[in-house]
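Residues per chain, in single letters:
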Amino acid sequence: MKMNEQLRIHKQPHTFDWKDQVIIRHLIFEDLPELEWDGEYTRYRKVYLRAYKSSNEGKTVIWVADLPSTGIIGQVFLQLNSMRKDLADGSFCAYLYSFRIKSNFRNAGLGKRMLDIVEDDLRKRHFQEITLNVAKTNSDAIRFYQSNGYEIIDSEPGEWSFRDHNDKLQRVVEPAWKMMKRI
């Protein structure tokens, strides 16, 4: 290869990278319908609304990854205070949940970027620990959390219930690992 060909290769214009366009920010009310991900999570509409109201009370923080040309492509909820003090006690330990990245945007570093922002925010709030529950069958998520310093500390039954968008009581049983990280 001639020298001028090498120079031409290195001077190619920067190609568009969607990751450079993503804005990670707090959820606003108008974002709520997008959390349903085109109908995939419509059943959680009331759960999302309750979490949004909790964020207005300072008990929850909700982050979204917004790709302006596409919309919300990721989300992570952080409960600062819970009735279960082993998960979130309001000052020392917070609980991470509902962490999702749309499948087309996974394995590109966005999850790590969002997790770093959540952890930095918690440090600024003087929290020292994050807990989460991950389904025992979700090996990709377990691997992701472990690669980011989370350790399995216990087993959880993973039983909870919620009212869906039709106000029907739904019961979830998803055995989980309780994971924790000191930050």
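Each value, and the rule that gives it
Residues numbered from 1 in each chain as written. Predicted model: local features only at pLDDT ≥ 70, side-chain atom pairs only at ≥ 80, totals over all residues. Heavy atoms only, no water. Pairing = 2+ DSSP bridges. Helix = DSSP H or I, 4+ residues; strand = E, 2+ residues; numbered from the N terminus. Axes fitted to C-alpha atoms, helices over the stretch in contact; angles between N-to-C directions. Expected span 1.5 Å × (residues − 1). Buried < 20%, exposed > 50% of the residue type's maximum accessible area, 1.4 Å probe, protein only. Arc of directions from axis to C-beta. Polar contact = N/O pair within 3.5 Å; in protein donor to acceptor, adjacent residues only side chain to side chain. Contact = heavy atoms within 4.5 Å. Core = buried A, V, L, I, M, F, W, Y, C linked by side-chain atoms within 4.5 Å. pLDDT = per-residue confidence, 0-100. Salt bridge = Lys/Arg side-chain N within 4 Å of Asp/Glu carboxyl O.

A.B. asks: Could you clarify how one ought to interpret the sheet that holds strand β3 (residues 71-79) in this entry?
C.D. replies: Strand order in the open sheet formed by 7 strands is β1-β2-β3-β4-β5-β9-β6, and the pairing between neighbours is mixed. Here the strands that pair on one side only, and so sit at the sheet edges, are β1 (23-26) and β6 (151-156). Across the sheet, the mean angle from the axis of one strand to that of its neighbour is 25°, orientation sign disregarded. Alignment of strand β4 (residues 93-101) against strand β5 (residues 129-135), held across 4 bridges, turns out to be parallel.

A.B. asks: Looking at this structure, how should I read helix α4 (residues 110-124)?
C.D. replies: Side chains of residues three or four places apart in an α-helix project in the same direction, reflecting 3.6 residues per turn. Taking 1.5 Å per residue as the helical rise, α4 with its 15 residues ought to reach 21 Å, and the 21 Å between its terminal C-alpha atoms agrees with that figure. Along α4, the residues classified as buried are L110, G111, M114, L115, V118, E119, D121 and L122. Seen from one end, α4 has its buried residues packed into an arc of 165°, which puts them on one side. At the exit of α4 stands H126, carrying a positive phi of roughly 70°.

A.B. asks: How do you make sense of the environment of R84 when you look at a structure like this?
C.D. replies: You can see R84 is positioned in the loop between β3 and β4. Here R84 falls in the partly exposed class, since its relative accessible area comes to 34%. Remark: the alpha-carbon pair of R84 and Y95, spanning 11 residues in sequence, is separated by 9.8 Å.

A.B. asks: Help me understand the side chain of S98 in this model?
C.D. replies: Among the secondary structure elements, S98 is positioned in strand β4. Relative accessible area serves as the criterion here: at 19%, S98 is assigned to the buried category. Looking at S98, its side chain comes within polar contact range of the side chain of Q75, at 2.8 Å. Within polar-contact distance, the side chain of S98 engages the side chain of R100 at 3.1 Å. If we skip the residues at most four places from it in the chain, S98 touches Y48, Q75, V76 and F77.

A.B. asks: Looking at this model, I keep getting lost on the nonpolar core. Mind explaining?
C.D. replies: Soluble globular proteins: nonpolar side chains tend toward being buried together. Counting residues in each nonpolar core, the largest one holds 30 residues, and the members touching the most others are L96, L110, M114 and Y145. Listing elements by their share of this core, those giving two or more residues are β2 (60-67), β3, β4, α4, β5 and α5 (139-147). Among all residues touching Y145, those that are not within four sequence positions of it are L96, F99, L132, V134, Y150 and M179. Of all hydrophobic cores here, the second largest spans 16 residues; its members include L32, L35, Y41 and V47.

A.B. asks: Honestly, the confidence of the model for the chain in this entry has me stumped. Any pointers?
C.D. replies: Predicted coordinates in areas of low pLDDT are best not read in detail. Counting all residues, the mean pLDDT for the chain is 92, and 91% of those residues have values of 70 or more. Here residues 1-14 scores under 50 on pLDDT; set against residues more than four positions off or in separate chains, the count is 3 contacts.

A.B. asks: Can you walk me through unusual backbone geometry in this structure?
C.D. replies: Peptide bonds are, in most cases, trans, and in most cases residues other than glycine have a negative phi. For D38, which is not glycine, the phi dihedral falls at a positive 55°. Along the chain, D38 turns up in the loop between β1 and α3 (45-56). With a phi close to 70°, H126 is a non-glycine residue in the positive phi region. Its place among the elements puts H126 in the loop between α4 and β5.

A.B. asks: Looking at this structure, I do not really get the pattern of salt bridges. What am I missing?
C.D. replies: Think of it this way: side chains of opposite charge can pair up when their charged atoms draw near. For the coordinates displayed, the defined rule picks out 17 salt bridges. Of the charged contacts in the structure, one is a salt bridge between D86 and K178, with a shortest N-O distance of 3.0 Å. In this pair, D86 is assigned in the loop between β3 and β4 and K178 in strand β9 (residues 176-182), connecting sequence segments 92 residues apart. Between D120 and R123 there is a salt bridge whose closest N-O contact spans 2.7 Å. With D120 and R123 both in helix α4 and 3 residues apart, this pair spans about one turn of that helix. Exposure remark for D120: the relative accessible area of 39% places this residue in the partly exposed category.

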